Each structure stands twice: as structure tokens, then as C-alpha cells.
Amino acid sequence: MVTVDSYYDNTFEDPSRRAPLITGRLDFNGVTEQVAAPTEARKPPQAWYVVFTISTLLTLMLGGLIMHLLLKGVGVWGNNNPVYWGWPIVNFVFWVGIGHAGTLISAILFLFRQHWRTSINRAAEAMTIFAVICAGMFPGIHIGRVWSFYWLFPIPSEHLAMWPNFRSPLLWDVFAVSTYFTVSLLFWYMGMVPDLATFRDRATNKVKKLAYGIAALGWTGSARHWHRYEAAYTILAALATPLVLSVHTIVSFDFAISQLPGWHTTIFPPYFVAGAIFSGFAMVVTLLIPARALFGLKDIITVRHIENMNKIIILTGLIVGTAYTIEFFVAWYSGNNYEGFTFINRMMGPKWWAYFAMFSCNVFIPQLFWFKKIRTSMAWSMVICLLVNVGMWFERFVIVMSLERDFLPSSWAYFIPTWVDIGMFVGSFGLFLMLFCLFCRYLPLVAISEVKGTMEHYRHLPTGTPTSET
Amino acid sequence: MTNHQNQKLVGVLAEFACADSLLQGAKRIRAGGYEKLDAFSPFPVHGIDEAIGIKRTILPFICLFTGIGACGLGVFMQWYVNYYVSSPIFPGYDFYISGKPLWSLPANVPVIFEVIVLCTAFAAFFGMLILNKMPQLANPLLRVARFRRVTNDRFFLLIDAADEKFKNDRTIEELRQAGATDVETVYSDESDHQLPSFVRTFGVLMLTLALVPPVMVFRAQGQTNRDPRLHFNPDMDFQTKFKPQTVGPNLNAGLNHADADYAWKDIRSARLPIKGTVARNKLEDDMEFFHGIKAASNEQAAHEYNAPVRIVSVTTTLGQDTGSGQVPLAGETAEPDWVTSYPQRLKIDAATLQRGKKMYEINCVACHGYAGDGDGLVNKRALELATVNINGRPGAAWTESKSLHHPDVIVQSVGRVFDTITNGRATMGPYGSRIKPEDRWAIVLYIQALQETRINSAEKFVVPETPVTEPSADDEQVEPQDESNAAEEGSEVEGAGDNATQEGGDDGDVESESKTEESAGESGEGLIGE
């Protein structure tokens with residue numbers, strides 16, 4: 001039950017013993033105290049106020065821009081012939097991809113019994129939900145007549161006398177993203193119920209007692225409840241695993257099902273999924289490095305956790321790099337002029353800088369993580385992960401901007417975003433960060449009960465592990 | 001400890017130091033024969049299920065069957081929505097795209113998969129809640145102070161008071177022997193079953209607030225408003241029908257065909273009755289009664305009379321085409337043989353005269369005035385407006401209403417007056433479709449009575465049996481008409497009568513009905529020929 005001291009380097013690989021996941025000699029109560037501290041503190045750290053204020057202002061700006069869009073129409077964006085899908089779809093794919101790391105950590109790593117996930121899964125799932133909110137917003141406001149958004153769903157309507165087309169990838173998107181959001185929310189909330197009960201039992205004022213009390217649904221930690229809870233958790237994980245793969249596959253279908261050079265390729269689904277996980281992990285690292293420092297969670301979200309995520313970033317970065325290369329090879333190998341032109345144009349056309357940013361940020365820069373010094377350094381990790389996020393945004397930008405030059409040279413154009421495009425993208429970051437700030441302040445940032453379960457599990461390992469020694 | 005007289009014993013709660021001691025204690029208690037026990041821990045303790053005898057949950061099966069059902073739902077939904085176009089209600093919509101088959105399973109797989117995942121996830125989450133009887137916000141255990149640490153770092157075992165072996169003191173002793181650090185009896189409090197005081201107030205407040213939206217909906221539905229209407233309930237706001245004066249269905253609509261293909265040759269949406277047919281109660285088999293023309297007269301001439309005479313009337317009013325020799329001028333028209341006496345079917349008595357008065361006052365007074373002097377309110381107002389200049393033009397174009405005491409009118413035969421009412425004359429509109437024939441005859445009778453009051457001669461008009469009551473038109477109001485409008489053939493009626501009967505004609509049915517009547521009057525040998 002007792003863990004090692006804070007100064008213990010848990011990134012040190014000793015094949016003879018298992019590295020501890022929690023440092024700082026924390027016991028069960030210590031974990032609870034540390035996780036509850038940010039929500040029970042009288043005041044959050046000053047940096048929280050700064051980030052929260054700025055992000056709230058950006059969210060208000062986003063709201064204003066959406067109103068502007070609704071009143072004026074989608075013409076306020078830069079979308080126009082031939083680039084009908086401009087920044088909105090770039091941002092949509094970017095945000096929905098970010099969300100995927102959360103589900104990967106909470107579901108896939110759970111099925112693989114990766115116990116280190118317990119320290120980061122809650123924050124990652126929260127990130128998933130907020131990212132999907134940002135993602136869903138963009139196609140939502142792109143439909144033109146937002147007040148008729150329900151036409152997206154198969155709802156009987158005498159007035160319209162029409163139904164959605166179920167053979168369209170855009171409709172698959174509606175189902176995939178809304179299912180993804182719902183299942184992620186269920187998974188997140190269900191995982192949080194025991195921790196909300198912890199907060200309920202620690203609450204000192206009436207409002208908190210009531211709010212956490214209702215949210216905890218009367219959880220007592222009964223063995224019978226745990227039994228069914230674990231069954232449900234495993235089933236949800238088993239459902240979320242194929243779901244997360246399907247969602248970005250279907251997002252890639254938005255492009256791959258069409259018959260445009262550069263889009264109509266079978267490599268898109270695996271390449272998109274790998275890219276999503278890549279960008280998502282980068283975002284988790286970007287969020288957790290400041291969060292663990294600000295809220296004093298360094299003993300729970302340890303350097304080893306960050307290092308593990310950085311390792312996944314190397315892997316997925318390599319997959320993405322391979323995909324970029326294979327695309328080029330296939331474009332040449334197919335012997336298709338249009339296909340060949342599209343890729344040459346991506347690399348050397350008017351938007352060569354976007355391709356350059358994409359390739360260097362996604363493929364070259366993450367290679368620095370091969371050095372242990374760099375992948376265990378918080379500052380380096382932060383910088384590289386931010387660059388990966390930039391690179392992954394540019395990846396979607398490069399793909400969408402293939403529309404600039406299609407089959408007919410007379411219709412070629414150069415896409416330039418408007419101030420509304422840029423404002424909305426920045427505003428979506430504001431919304432995302434605002435939600436994350438609220439989450440850090442009012443909800444358990446770490447899955448307390450899961451961390452404790454892991455600590456208990458490690459205690460039962462054969463003697464020689466540092467957890468039981470100390 | 002407080003007084004537990006009114007409280008029910010729930011069981012005995014024992015605290016254990018760690019997960020291991022809880023597990024061992026639970027095993028020992030269960031070996032001691034207890035059945036109804038539960039363990040509580042901040043995280044799932046492995047092996048506790050077997051230790052206290054928890055059966056495997058059926059949740060996976062619930063999820064399995066939900067998933068299978070959801071698969072069927074996903075297939076059915078897409079089949080219905082994109083393929084089942086012949087459904088009696090909410091028919092499906094078939095998208096023809098690039099000649100691809102309407103029903104092709106591969107394209108439907110993604111949505112089927114998502115529906116399965118969504119439904120099964122709901123089953124897992126809500127199934128877990130329902131099987132766990134959650135949410136259960138009131139629980140006697142939550143009143144125990146030390147139990148608050150169960151979600152932090154303490155472990156508990158509860159032996160239910162309902163257990164057969166349960167005996168307060170002995171059970172406590174056994175728990176201590178099993179390794180419990182502390183043992184406590186738990187009572188349920190009456191107040192556990194009561195709602196907190198604020199819930200009632202809050203609930204009433206929320207229910208009241210919840211009434212606001214429906215009330216606003218009802219208010220919007222029941223009020224007139226200049227803003228576009230809100231269609232909360234589309235009632236019959238949007239009907240698949242043809243409005244009056246519109247084109248008929250275009251069979252090529254929406255098919256990207258250049259030219260329209262109308263269902264009917266004349267393009268109009270309104271349909272005329274088939275030639276030679278007679279609608280119910282529309283058989284006009286009596287020339288004298290229905291047309292005011294002598295039965296013996298030339299039927300062909302009688303039939304042809306109606307159409308040209310009105311065209312001529314209009315053209316003369318407009319001052320065009322009067323010189324044409326083909327269509328005779330109104331005055332020179334070869335008029336049919338008008339009846340000079342009332343038809344046999346009309347019963348001439350005081351009741352008919354009263355009826356005529358009533359119908360005259362409903363339909364004719366607005367222009368012709370109560371006494372028939374052509375001084376109705378519409379006429380007066382129109383003449384006033386005609387003298388006003390608006391933007392250099394007279395405010396109204398108006399031909400003075402004809403006085404019924406005019407010599408030209410007095411000499412007209414009853415059949416001719418009847419025809420004027422039925423088909424209109426000059427700019428006076430036709431009333432045939434609005435007034436029943438017997439009422440039209442009654443009006444003729446009343447007009448004649450009015451004329452009698454001026455001519456002061458009883459020769460032409462004899463009321464049999466009952467004496468005629470004096471019509472209410474006052475003598476003082478009657479003024480001699482000495483205007484020099486004798487040259488004008490027709491009196492002009494505009495609006496008044498029309499508005500009375502045609503108001504609210506935005507519904508196509510009313511319009512088409514009146515059309516049918518009109519056309520029935522106009523068309524066909526079948527109507528007149530007997």
C-alpha cells in the first residue's frame with residue numbers, strides 16, 4: 001500500500017522489478033487527499049484564473065462569431081468554389097481526432113490491462129468529451145440552416161416528407177460522432193461515480209454535499225455494486241474499443257468515399273485512426289504537464305506516465321509518417337496522372353509550407369523522443385507535443401486543400417481563410433480550455449478508485465517490487 | 001447512541017483495517033453460516049464475490065440481447081427509411097444515386113454498427129444502475145459517521161438484520177473474532193424516507209415554471225399576431241391541395257425535364273363538370289322558373305343569349321368594339337322571349353313578398369337603396385370618392401346605381417328583371433350562384449311592389465287572398481330620381497354582395513364549389529334541354 005518517495009526515478013527500467021506507478025509514499029488516504037485538494041482548495045492557483053478568464057473570453061467570442069454566422073450565412077467563411085470544405089471540416093477532423101486518445105487510454109489500455117492508464121484516464125476522457133463538443137460544433141454550424149439540424153436524424157416528418165440518405169458517409173458521420181459522444185459521456189460518468197461518492201463523503205458545505213450526492217447516485221462501494229459495475233465497465237470498454245476505431249474510419253470515409261485524387265484511397269481509415277491517436281496523446285500530454293504541476297498531482301501523474309505517452313507518440317508518429325510515404329508511392333505506382341499531380345502539388349504547390357509543417361512536425365520532430373532525456377523532460381515534451389498538434393492540424397489542412405486544384409485548371413483557386421475562420425478556430429480552443437478548467441476545479445481529475453485498485457494489485461505482486469518494500 | 005425505539009434495525013456494520021482482513025473476515029463470517037451480508041470498499045476487492053457469495057451478474061446477457069436487437073433495429077430502420085416507399089404512413093424516401101441499388105447492405109453496415117454500440121452502451125450503463133437499484137440517495141449506512149471513509153480507505157462488512165442467524169450481541173462478537181476493528185449497529189431513521197424540506201418548494205416552483213412553455217404555446221395559438229405564425233402543431237396549415245386560380249399538377253416537376261407536363265390540357269387546377277352531367281339538385285328543367293324565358297320560345301336562341309349579351313355589356317361599358325357588326329349591342333340584342341307573368345311554380349303570397357323583402361335587403365340594398373332609388377350606401381360612398389382627387393385621378397371609378405323606378409326598368413318584363421339578378425347586367429355582378437331561384441323571383445316580386453308604390457296603380461299587380469303588408473321603405477325618404485342617366489343600360493354593382501358571400505374564400509373548396517355552380521349555369525344543353 002505504501003509507495004516510493006517522490007525523488008524515486010520511476011522511469012528507471014530494472015528488468016528484475018516492476019517500476020512503481022505512484023510515488024511520494026502515498027497511501028489510499030494520501031491519494032484521495034491529493035486528488036480532492038484542487039476541488040477542496042479555497043481558491044484555485046492563480047494560473048487557473050488566468051487560463052479560465054482568457055478561455056471564457058474566447059468562448060464568448062466564439063459565441064458571437066456563431067451568431068454572426070447564423071445571421072449572415074456561411075459566406076462569412078472562406079469556403080468557396082472550389083474549396084467548399086474549408087476550415088470547418090479541418091477543425092472538425094482535428095478535434096474529433098484529439099478525442100480519440102481519451103477513449104484509447106480508457107478503453108483499449110483497460111482491455112490490455114495497462115495499469116498506468118489509471119492515473120491519466122479520467123483527464124483524458126474529459127478531454128475526449130470536450131474535444132468532441134468542439135468537433136461536433138463545426139459541422140453543426142456548417143449545415144446552413146442550423147434551426148433545422150434535426151433533419152440530420154431519421155425523425156418522421158410530414159412537413160419535409162423526406163428521410164436522410166443512409167448510404168452517405170456524411171450521415172454515417174452523424175451517427176458515428178453522436179454515438180461516440182454519448183458512449184464517451186456514459187463511460188466517463190460511470191467511471192466517475194465512485195469518485196463523486198468520495199467527494200460527497202468529504203464535502204463540508206451543503207451545496208457540494210447535495211450536488212456531489214445527487215451525482216454519485218447513492219454509491220456506497222457495496223461489493224454487489226462493484227461486481228456489476230466492473231462488468232458494465234468492461235462491456236463499455238469492449239464497446240468503446242471498436243467504436244473509437246470506427247469513428248475515425250468513418251470520418252476518413254467523408255473523404256475516401258468521394259472520387260477525388262488524393263482522397264479516394266484505402267489507406268485513409270488506418271492512417272486517420274493512427275493520426276487521431278497521435279494527436280490525441282499529444283494533447284493529453286499538453287494538458288497534463290501543466291495540470292499535474294498546478295494541482296500538485298506529480299506523485300500520481302508521474303514522469304513515467306508522461307514518458308509512456310511519449311513512447312506512444314513515437315509509435316503513432318512513425319505510422320503516420322509511413323502512411324504519408326506510402327501515399328506518395330501509391331500515387332506514383334497507380335500511374336494515375338491526377339493522383340500523381342495531387343501529391344506533387346501538395347508538396348511543391350502553392351501550399352508547400354503546409355505540407356512542410358505537417359511532415360516536419362508529425363514525422364521528424366517526434367523522433368526526438370527516442371532520447372530518454374528528452375522524453376522524460378517536461379519542457380521538451382510540452383514543446384514537441386504542441387508541435388505535433390500543429391502538425392496534425394496541418395495534416396487535415398493539407399488533405400482538405402487538395403480541393404484547390406482539381407481536374408479542371410480553369411477552376412483552380414487559392415484558399416484564404418477569413419477572420420471568422422480564424423476567430424472560430426481560436427474560439428474553439430477557448431471553449432475546450434474553459435471546459436477543461438471547470439473540470440479540473442470541480443471534478444476528480446484522477447480516477448481515485450482505479451488508482452487505489454492498482455496500488456492494491458501491486459501490493460500483491462511477488463516481493464522485490466519497490467511498492468511493497470518501502 | 002440515541003434512543004432507537006422508533007427505528008428499525010438494519011444490521012451490524014463491522015470495520016476492517018485493510019482489504020485482506022476484510023476478505024478473511026468475510027470468509028469466516030460466511031463459514032459461520034451467515035447468508036445476507038455485504039462488503040463495502042473504496043475499490044473492488046478481488047475474491048470478495050466468492051467470499052460473500054455473489055452470483056454472476058446477468059448484465060452481459062442483457063447487453064448481448066440488446067445488441068442483437070439493436071442490429072435488427074439498425075437494419076430495419078435503414079430498410080424502412082430508404083427502401084420502404086410504399087409504407088402507408090411516413091413512407092420511406094428512395095434516393096436514386098448513380099444507378100446504385102436502393103438496398104445494398106455494405107453501405108448500411110456503418111450505421112448498423114453504431115446503432116448496436118449505442119444501444120448496448122445504454123443497456124450496460126442503465127442495466128448496471130437498475131440491477132444495483134441506483135440511484136438510491138437515502139441509505140441508513142450513509143448516516144454512520146465512520147462509514148464516510150468507505151469511499152476513501154476503510155473496509156466494511158454488513159450483516160443484515162434479516163439474516164436467519166442474526167442475533168445482535170452474538171453477531172457482534174463473531175465479527176470481532178473475524179478481525180473487525182470496530183463494530184456498530186445500524187438503524188434506519190424515519191427521516192430517511194422523508195423528502196428534504198426544500199424538495200417540495202423546489203418541486204412546486206419547477207412544476208409551475210414548467211407550465212410556462214405550454215401556456216405560451218396556447219397563447220400563441222389563440223391570439224392574432226402580425227408576425228409569421230408559429231406552427232407548434234401544424235393542424236391543417238400545410239395541405240396538399242390546389243389553391244384557386246393556380247395551375248394543375250406538373251407531372252415533370254422535379255425531374256429536371258425542360259418542359260412541364262400538366263395533368264390537364266387546360267393547365268388549370270380547377271376542374272369543370274363533365275359536359276352533359278347535372279349535379280344533384282341542379283336540374284333546371286323549367287325554363288320559365290330558372291331562366292325567366294317562355295318555355296315555348298326558341299331554346300337555341302335562349303341558350304345563346306346569355307353569353308354574348310354579357311360580353312357586349314362589358315365592351316360597351318369599356319367603350320370598345322361597339323361598332324362590330326358581329327356581336328349585337330346590348331340594346332339591340334335579339335332578346336329571348338321573357339316571361340311577362342310569374343312562373344307557375346312560384347307561389348305568390350305575402351310570405352313570398354316578405355321573403356323577397358328580406359333577400360332584397362340582404363343583397364340589393366347596399367347599392368340600390370331601401371326604396372330602390374339607387375341611393376344605397378355603397379353608391380353614396382363611391383360617388384363621394386369619385387369626386388375626390390388622388391394623385392390627379394378620381395378616388396373611385398363608379399357608375400351610378402340604377403334606380404328601380406326608372407321608366408326603363410319599370411317597363412321591363414319580370415323575366416328580364418329575373419335575368420338581370422341571375423346573370424348581372426353591365427357592371428352589376430351575377431347573383432345566380434348566390435341566391436336561390438325562388439328567392440330571386442321573390443326579389444322580383446318585391447321590386448315590383450316597390451315600383452307599384454310610385455306608379456300608384458294596382459293594375460299590374462294583384463295579391464291574391466291575404467293583403468300585402470306595406471313594405472317598410474318609408475315614403476319620406478323616397479326622392480324622385482330625375483337624373484339623366486337614362487342612356488346607360490346597366491347599373492353597376494361592385495363589391496357589396498360579393499363580399500358578403502365570398503369572404504374567407506382562401507379555402508379552395510369554397511371557390512371551386514362556386515365555380516362549379518357557375519359553370520353548371522353556363523354550360524350545356526343538358527341543363528336546359530329537356
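Quick caveat: nothing in here was measured; it's all calculated off a predicted structure.

(A) Structural detail: the confidence of the model for chain B. Residues and elements named next belong to chain B. This prediction gives chain B a mean pLDDT of 78; 76% of its residues lie at or above 70. When the criterion is pLDDT under 50, residues 458–530 qualifies, and its contacts beyond four places in sequence or with other chains add up to 105 contacts. Scored by ipTM, the complex comes to 0.93, with pTM at 0.70.

(B) Summary view of the pairing of strand E4 (residues 182–188) of chain B. Residues and elements named next belong to chain B. E4 sits mainly inside the fold: five of its seven residues count as buried. Where strand E1 (residues 8–16) and E4 come together, seven bridges link them in antiparallel fashion. Across the sheet, residue valine 12 finds its bridge partner in E4, namely threonine 185.

(C) Inspection of the interface of chain B and chain A at higher detail. Facing the 70 residues of chain B at the interface are 64 residues of chain A. Between chain B and chain A, roughly 5,700 Å² of surface is buried when both sides are summed, and carbon and sulfur atoms account for 69% of that area. The three residues of chain B that bury the most area against chain A are Phe43, Glu114 and Thr151 of chain B, which together make up 11% of that side's buried surface. The interface formed by chain B and chain A holds one salt bridge in total. Note that arginine 224 of chain A and aspartate 38 of chain B form a salt bridge whose closest N and O atoms lie 3.6 Å from each other.

(D) Fine view of the packing of helix H9 (residues 303–333) of chain A against helix H11 (residues 352–364) of chain A. Residue and element names in this part refer to chain A. One can describe the packing of H9 onto H11 by two numbers: an axis separation of 8 Å at closest approach and a directional angle of 140 degrees. Here H9 lies oblique to H11, going by the angle between them. Taking contact as the criterion, the partners of Gly317, Gly321, Tyr324, Thr325 and Phe328 in H9 are, on H11, Tyr355, Met358, Phe359, Asn362 and Val363.

(E) Structural detail: the nonpolar core. Judged by nonpolar contacts, the single largest core of 198 residues is most densely connected at Trp95, Phe255 and Met424 of chain A together with Leu157 of chain B. Of all the elements, helix H7 (residues 223–256) of chain A adds the most residues to this core, at 18 residues. Within the second largest apolar cluster, 27 residues are counted, among which are Tyr360, Val409, Ile421 and Met428 of chain B.

(F) The arrangement of helix H3 (residues 59–82) of chain B in detail. In this model H3 of chain B runs 34 Å from its N-terminal to its C-terminal C-alpha over 24 residues, within 8% of the 34 Å that 1.5 Å per residue would give. For H3 of chain B, the complete set of buried residues consists of Leu59, Cys63, Gly67, Ala70, Gly74, Met77, Gln78, Tyr80, Val81 and Asn82 of chain B. Those residues of H3 of chain B that are buried lie in contact with helix H5 (169–202) and H7 of chain A together with helix H4 (105–131) of chain B.

(G) Helix H3 (residues 87–111) of chain A, seen in detail. Residue and element names in this part refer to chain A. Its 25 residues give H3 an end-to-end C-alpha distance of 36 Å, which sits within 8% of 36 Å, the value for a rise of 1.5 Å per residue. Where burial is concerned, most of H3 is hidden: 24 out of the 25 residues are buried. Positive backbone phi, at 55 degrees, marks arginine 113, one or two positions downstream of H3.

Rules behind the numbers
Residues numbered from 1 in each chain as written. Chains lettered and ligands numbered in written order. Predicted model: local features only at pLDDT ≥ 70, side-chain atom pairs only at ≥ 80, totals over all residues. Heavy atoms only, no water. pLDDT = per-residue confidence, 0-100. Contact = heavy atoms within 4.5 Å. Buried < 20%, exposed > 50% of the residue type's maximum accessible area, 1.4 Å probe, protein only. Helix = DSSP H or I, 4+ residues; strand = E, 2+ residues; numbered from the N terminus. Pairing = 2+ DSSP bridges. Buried area = accessible area lost by both parts, 1.4 Å probe. Salt bridge = Lys/Arg side-chain N within 4 Å of Asp/Glu carboxyl O. Axes fitted to C-alpha atoms, helices over the stretch in contact; angles between N-to-C directions. Parallel < 35°, antiparallel > 145°, perpendicular 65-115°, else oblique. Core = buried A, V, L, I, M, F, W, Y, C linked by side-chain atoms within 4.5 Å. Expected span 1.5 Å × (residues − 1).

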